[in-house]
Amino acid sequence: MKLDRRNFIRMCGVGILGLGAAKADKIFAQVGSGKYQSTVTSDGKRWAMVIDTKKCENCDDCIAACHKGHNVPEIKPKEEEIKWIWKEDFEHSFPGLGHERMSQELMKRPFLLLCNHCENPACVRVCPTKATFKRGDGVVMMDYHRCIGCRFCMAGCPYGARSFNFQDPRPSITDANMLYPTRTKGVVEKCNFCAERLVKGELPLCVEACRNGALHFGDLNDPNSEVRKLMESQPTIQRSASMGTFPNVYYII
Ligand code: SF4
Ligand code: SF4
């Protein structure tokens, strides 16, 4: 039998819903048990972001810069929207961490969310085609040509960091950036930590666009990096740290 894209998905025997119930439970049972430890290495770079939420003025410059630079389409309705970075309130960003006497200011503060480029990325482990993979520097990438649209990765990611192209995104891109590839209907996409800029020694677009100095990016393996110094001098938290995914995006609150 010819193993085309459609047949491959059929042969997998499980759809996104089936995975959600059974396999995702298994994944999180494994990562939550402490079986998987952080794999930060002592050499090479390990990219991370530190977000100082006290400095964020909710202007959305970061989101605009990212989405314009990466040809992220503006699609409505909400269930079909594509997002690489977005904002949520505390309760939705850090479920389970709040309490009834938390300050109203913190409850209402906007938190910038994106792919955490996890040390133990569940999305990578469930992808049957290696369309999503983790680089040596920790950046979790997508190969759109290998993606068969099964959406196992979306079920695996506990952060909602991935979007599926239910429709051809190209008609919904305004003022396309000709230097960055567009995607097609039927593939998943997400933040790539601006890998195309890192290779040139440039900061991610969101970091560069933030006029308030709320976003910081650097090498976790360098004790003198700005991100390491910030993390040593101020309390930081990660999203759903108990999942064992070891996010590489940290929040100063
Ligand atoms: S945040 Fe989600 S998509 Fe990003 S690396 Fe972690 S599990 Fe994968
Ligand atoms: S949708 Fe694409 S990236 Fe996600 S698991 Fe399936 S093949 Fe891999």
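Residues numbered from 1 in each chain as written. Chains lettered and ligands numbered in written order. Predicted model: local features only at pLDDT ≥ 70, side-chain atom pairs only at ≥ 80, totals over all residues. Heavy atoms only, no water.

**Student:** How do you make sense of the overall build of the chain when you look at a structure like this?
**Tutor:** Looking only at helices and strands, one finds 10 helices and 10 strands in the chain. The buried share among the 253 residues of the chain stands at 47%. Contacts in the chain between residues at least 24 apart in sequence constitute 67% of all its contacts with a sequence separation of at least 6. Carbon together with sulfur atoms contributes 54% to the accessible area of the chain, which is approximately 13100 Å² in total. (Helix = DSSP H or I, 4+ residues; strand = E, 2+ residues; numbered from the N terminus. Buried < 20%, exposed > 50% of the residue type's maximum accessible area, 1.4 Å probe, protein only. Contact = heavy atoms within 4.5 Å. Areas by Shrake-Rupley, 256 points an atom, 1.4 Å probe, with all protein chains shown as cover.)

**Student:** Help me out: how do you make sense of the confidence of the model for the chain in this one?
**Tutor:** The predicted coordinates ought not to be read in detail in places where the model reports low pLDDT. Across the chain, the average pLDDT comes to 88, with 83% of residues at or above 70. Every residue in residues 1–37 scores below 50 in pLDDT, and together they form 48 contacts with partners more than four places removed in sequence or on other chains. (pLDDT = per-residue confidence, 0-100.)

**Student:** In this structure, what is going on with the side chain of Asn 221? I would like to understand it.
**Tutor:** Positionally, Asn 221 belongs in the loop between β8 (215–219) and α10 (226–233). Judged by its relative accessible area of 17%, Asn 221 falls in the buried class.

**Student:** Teacher, can you tell me more about the site of ligand 2 here?
**Tutor:** Neighbouring ligand 2 are 13 residues, the closest being Cys 127, Cys 147, Cys 150, Arg 151 and Cys 153. Class assignment of the residues belonging to the shell around ligand 2 gives a composition of 10 nonpolar, 2 polar and 1 charged. (Near = heavy atom within 4 Å. Nonpolar A, V, L, I, M, F, W, Y, C, P; charged D, E, K, R; others polar.)

**Student:** Looking at this structure, I do not really get unusual backbone geometry. What am I missing?
**Tutor:** Among all residues save glycine, negative phi is the norm, and among peptide bonds the norm is trans. Here the residue pair Lys 76 and Pro 77 is connected by a cis peptide bond, since its omega of 10° sits within 30 degrees of zero. Positionally, Pro 77 belongs in the loop between α3 (61–69) and β2 (85–88). We note that Asn 71 has phi near 55°; this positive angle belongs to a residue other than glycine. In this structure, Asn 71 sits in the loop between α3 and β2. Residue His 117 is not a glycine yet carries a positive backbone phi of 45°. With respect to the secondary-structure elements, His 117 resides in the loop between β3 (111–114) and α6 (122–126).

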